[in-house]
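Observations on the model geometry
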Amino acid sequence: MKNNLKIFCMSFVALFLTNCTCSGGKNRTDFEIFHDMIKQQNIKAQEGDEKGTFMRLPPENTRAQNREYYPYKGDPEGAEENLKNPFQGQFSPELIGIGKRQYERACIYCHGATGAGEGAVAAKMTVKPPSLLADKAINYSDGRLYHIIHEGQGLMGSYRRQVRSEKERWALVNYVRMLQKRTVRE
Ligand code: HEC
């Protein structure tokens, strides 16, 4: 009898401690010892606050870490004017080696080994790729060449996913510059 009383008392205490939130009906299985987390004043994801704000916009000037932001999207002239080459005039074997590898991976099929447009795929194209050694491409700024790699131009698609890092793209720009210089010299 004494034992029974003890068990009865203990289960009463246990019930008190777990503080069952049974209001949600029989399908609700969560037990909260402390109610603060349930009873707090909060706004559910799809609820507006008193100002009618729903999903909040991130504060100004914040950026997701895992996204690349390209400020000259749809603005080739802006890139021509303002996008500066951090490796301008650098033709070290290391940098040119990186550029050459990218050119041979992504561009050579159309623009050809010399850049004149004699690539293997170009032979089968109805609209031929223009020569990168022509005045038009020579007169583009480095920023514009980067832009063409990043965004494409007319019939040529974007190659930013093939030439992935900024350094590789600028190295590729410098490699194109080297092809242009080489031809002008010869
Ligand atoms: C599938 C073929 C193809 C590949 C691969 C290709 N291009 Fe092009 N490229 C073209 C064509 C076609 C044009 C002309 C686009 C237009 O203006 O309509 C062009 C235009 C250009 C121009 C502008 C030339 C001008 O006179 O306006 C540059 C610079 C250029 N490509 C560089 C590159 C670089 C660097 C790569 C490698 C990342 C590359 N291209 C890969 C086909 C290609």
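See above for the structure.
Residues numbered from 1 in each chain as written. Predicted model: local features only at pLDDT ≥ 70, side-chain atom pairs only at ≥ 80, totals over all residues. Heavy atoms only, no water.

So, the side chain of Arg-144
So the rule is basically this: Runs of H or I in DSSP of at least four residues are treated as helices and runs of E of at least two as strands, each being numbered from the N terminus. We define a polar contact as two N or O atoms separated by no more than 3.5 Å, with the added condition that, inside protein, one atom must be a possible hydrogen donor and the other a possible acceptor, whereas residues neighbouring each other in sequence contribute only through side-chain atom pairs. Only heavy atoms matter for contacts: two residues are in contact if any of them lie within 4.5 Å across the pair.
In this structure, Arg-144 sits in helix α6 (residues 142–151). Reaching out from Arg-144, the side chain makes a polar contact with the side chain of Glu-80 at a distance of 3.3 Å. Setting aside residues no more than four positions away along its own chain, Arg-144 makes contact with Pro-76, Ala-79 and Glu-80.

Concerning the packing of aromatic side chains
Under the convention used in this document: Pairing of aromatic rings covers Phe, Tyr and Trp, the last counted by its six-membered ring, and requires centre-to-centre distances within 6.5 Å; plane angles under 30 degrees mean stacked, over 60 mean edge-to-face, and any other angle means tilted. Working definition: with a 1.4 Å probe on protein chains only, accessible area under 20% of the residue-type maximum means buried, over 50% means exposed, and in between means partly exposed.
Going through the model one piece at a time under the given rule, you end up with four aromatic pairs. Aromatic pair Tyr-70 and Tyr-72: ring centres 5.9 Å apart, planes at 70°, arrangement edge-to-face. Judged by its relative accessible area of 15%, Tyr-72 falls in the buried class. Ring centres of Tyr-70 and Tyr-146 lie 6.3 Å apart, and the angle between their planes is 25°; this geometry places the pair in the stacked category. Highlighted residues: Tyr-70 in the loop between α1 (2–18) and α2 (76–82) and Tyr-146 in helix α6, separated in sequence by 76 residues. By relative accessible area, Tyr-70 is classed as buried at 15%. Given the relative accessible area of 3%, Tyr-146 is considered buried. Through a chain of ring-to-ring contacts, three or more aromatic side chains come together here, namely Tyr-70, Tyr-72, Tyr-146 and Trp-170.

Quick look at α6
Buried residues dominate α6, accounting for nine of its 10 residues. Here α6 has its buried residues at Asp-142, Gly-143, Arg-144, Leu-145, Tyr-146, His-147, Ile-148, Ile-149 and His-150. Once α6 finishes, Gly-152 follows within two positions and takes phi at roughly 80°, a positive value.

Here we look at unusual backbone geometry
Despite not being glycine, Asn-61 shows a phi value in the positive range, around 65°. Relative to the helices and strands, Asn-61 resides in the loop between α1 and α2. Note on Asn-61: relative accessible area 75%, which makes it exposed.

Some points on the coordination of the iron atom of the ligand
How we decide: Any N, O or S atom lying within 2.8 Å of the metal counts as a donor, with the limit raised to 3.2 Å for Na, K and Ca; because water is left out of the atom set, some sites can appear incomplete.
For the iron atom of the ligand, the full set of protein donor atoms is His-111 (NE2) and Met-156 (SD), at a range of 2.0 to 2.1 Å. A residue is classified by how much of its surface remains accessible, and His-111, at 10% relative accessible area, is buried. Using a relative accessible area of 29% as the deciding quantity, one classes Met-156 as partly exposed.

Things to note about the site of the ligand
Note the following rule: Any residue with a non-hydrogen atom lying within 4 Å of a molecule or strand is treated as near it. All amino acids are sorted into three groups, where Ala, Val, Leu, Ile, Met, Phe, Trp, Tyr, Cys and Pro are nonpolar, Asp, Glu, Lys and Arg are charged, and the leftover types, Gly among them, are polar.
In the neighbourhood of the ligand, 18 residues make up the surrounding shell, with Cys-107, Cys-110, His-111, Met-156 and Tyr-159 lying closest. Residue Lys-136 places a side-chain N or O atom 3.4 Å away from an oxygen atom belonging to the ligand. The contact in question runs from an oxygen atom of the ligand to an N or O atom on the side chain of Gln-153, over 2.9 Å. Taken together, the elements giving at least two residues each to the shell around the ligand come down to α4 (108–111) and α6. Among the residues making up the shell around the ligand, the classes are represented as 14 nonpolar, three polar and one charged.

Details of the environment of Lys-124
Mapped onto the secondary structure, Lys-124 falls in the loop between α4 and α5 (135–139). Given a relative accessible area of 76%, Lys-124 falls into the exposed group. Residues Lys-124 and Cys-110, spaced 14 residues apart in sequence, show a C-alpha to C-alpha distance of 9.7 Å.

Let's talk about the nonpolar core
Inclusion rule: The set of buried Ala, Val, Leu, Ile, Met, Phe, Trp, Tyr and Cys residues whose side-chain atoms join them within 4.5 Å is what this entry labels a nonpolar core.
Membership of the largest hydrophobic core comes to 27 residues, with the highest contact counts inside it found for Leu-83 and Tyr-103. The set of elements that each furnish at least two residues to this core consists of α3 (93–106), α6 and α7 (166–185). When residues of this core are assigned to their parent elements, the largest contribution, eight residues, is made by α7. The contact partners of Leu-83, leaving out residues within four places of it in the chain, are Tyr-70, Tyr-72, Gly-78, Gly-143, Tyr-146 and Trp-170.

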